[in-house]
Amino acid sequence: MRKNNKTETKSISKTEPKMKEEIFRLPDSGQGGIMMRKLYLDNIRWATVLLVMAYHVCYLFNGVGILGGIPGAANIPAFDTFAGIVYPWFMVLLFIVAGISARFSLQKRTGRQFLKERARKLLLPSTLGLFFVHWITGYLNIKMGGGLSYIPFALVYPISVLSGIGPLWFIQTLFLFSSLLILLTRLDKKDKLWTLCGKAGLPAILPLFLLLFGASRILNMPVLTMYRFGIYFVSFLTGYYLFSHDEVQQKLEKVCIPMLFAAVVCAVFYAMRYDGRDFTAPECLESLFTNLYLWLAVLAILGCAGKYFNQKKPFTDYLTKSSFGFYILHYPVLLGICYLLHFYGHFPAVWNYIIAFPLEIAGTFAAYEIIRRIPLVRYFVLGIRKKA
């Protein structure tokens, strides 16, 4: 008997590290006490960050008149088409994934712990981080716009800091939404809305693009078109209340191929309709067809990722851990590269794109690996307290 007990104990001890790696424990909330880690969400997150990095290359060299691009940059229209196709849905997708992650996070934390963690990971990099790294973004934008000749030297750095937000608008907005979410959860302490959303079938999920259509037309900032609080907040809440249910995800996986086909067809018609136009303009983003297309794209990606990409490899594991840092750091790196290519490279237009993207990846990787090893800087820029 003793021998058998020792054998059993030894067997458990061997499997325990693997169990800790593959699952995370959640309090009972209608989904059971133990859940498998949703690796497909990690893969969606890092893949979308890489897509954002590719989009920003096209954005800086855009030829459709989008504010913030490099003035007079040589342009290839095909890359504008690519940027226009992905622009309606990739940030909606990130907010949905963030909403799903917030649901799982709040199952392990109190509201106060959740906000404290979000303040460190989101608020610090998007405020104090500007003083360390992102002033470079502001400085280069001012320089390319010809504003340096009008600004006193002593004010160049502070103005560069204030104008260096760039893509950090996403994590600023995400912190705001996380704070509002805590208020909503306190109003619904029994989780009735979340439980109700878990019963949704495809006939209820598909028409939700109408909700996004309505949200896309409210709470939009003038000029700063990236601050679309209406549609992004609804996307975040959709992730939290709807797509965090395993039952809903399984329904999407069953129809992921037809959904992907429908999304591709819509992408073709979308490109034909808006090709050569400013795809960040309200008449594009607030149209009924655009919101139908983005919704089909999101549903297809969630379904296909859950069915075919719910796995982890060393390469994807690294990207999962570093994708947030890549998002934070990539833009000042890319802007510096594109500035040099435009003003000093004098290459044919296509080579600007071909050179910029791999250099952006390499430069962002180097910046991330260096900064995460510097104690004080990594805390303010990346929200990392200790070296991983």
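Because the structure is predicted, anything quoted here is derived from the model rather than measured.

Overview of the layout of surface pockets
Right, on to step 1. When its volume is computed, the largest pocket comes out at roughly 1500 Å³.
Right, on to step 2. If you go around the largest pocket, you meet 47 residues; those closest to its centre are Arg37, Arg45, Lys121, Thr320 and Phe324.
Right, on to step 3. Contributing elements (two or more residues each) for the lining of the largest pocket: α2 (39–60), α3 (77–106), α4 (111–127), α7 (169–187), α16 (314–345) and α17 (349–371).
Right, on to step 4. Element by element, the count of residues in the lining of the largest pocket is highest for α16, at 9 residues.
Right, on to step 5. If you add up the space inside the second largest pocket, you get close to 880 Å³.
Right, on to step 6. Forming the walls of the second largest pocket are 34 residues, and the residues nearest its centre are Tyr59, Leu67, Gly68, Leu224 and Met226.
Right, on to step 7. Counting only elements with at least two residues in the lining of the second largest pocket, the list comes to α2, α3, α5 (129–144) and α16.
Right, on to step 8. With 5 residues, α5 is the largest single contributor of residues to the lining of the second largest pocket.

Some remarks on the nonpolar core
Soluble globular proteins tend to bury their nonpolar side chains together.
Right, on to step 1. Grouped together as the largest cluster of nonpolar side chains are 109 residues, with contacts concentrated most on Trp89, Phe90, Met91, Phe170, Phe243, Phe279 and Leu329.
Right, on to step 2. For Phe279, the residues in contact, after removing those within four places along its chain, are Tyr55, Val64, Ile66, Asp80, Ala83, Gly84, Tyr87, Tyr270, Cys284 and Leu285.

With respect to the pattern of salt bridges
Right, on to step 1. Counted according to the given criterion, the structure contains 8 salt bridges.
Right, on to step 2. Note that Glu117 and Arg109 form a salt bridge whose closest N and O atoms lie 3.3 Å from each other.
Right, on to step 3. Assessed through its relative accessible area of 16%, Glu117 is described here as buried.
Right, on to step 4. Here Arg109 falls in the partly exposed class, since its relative accessible area comes to 26%.
Right, on to step 5. Within this structure, Arg109, Glu117 and Arg118 form a network of salt bridges that share partners.

Remarks on the environment of Lys312
Right, on to step 1. Relative to the helices and strands, Lys312 is located in the loop between α15 (288–308) and α16.
Right, on to step 2. Looking at Lys312, the relative accessible area reads 37%, which means it is partly exposed.
Right, on to step 3. Between the C-alpha atom of Lys312 and that of Asn43, which follows or precedes it by 269 residues, the distance is 8.3 Å.

Scoring rules and cut-offs
- Residues numbered from 1 in each chain as written.
- Predicted model: local features only at pLDDT ≥ 70, side-chain atom pairs only at ≥ 80, totals over all residues.
- Heavy atoms only, no water.
- 1 Å grid on protein atoms, 1.4 Å probe; cavity = no way out; pocket = protein on both sides within 12 Å on 5 of 7 lines; lining within 4 Å.
- Points joined across faces, edges and corners; volume = space filled by probe spheres on them.
- Helix = DSSP H or I, 4+ residues; strand = E, 2+ residues; numbered from the N terminus.
- Core = buried A, V, L, I, M, F, W, Y, C linked by side-chain atoms within 4.5 Å.
- Buried < 20%, exposed > 50% of the residue type's maximum accessible area, 1.4 Å probe, protein only.
- Contact = heavy atoms within 4.5 Å.
- Salt bridge = Lys/Arg side-chain N within 4 Å of Asp/Glu carboxyl O.

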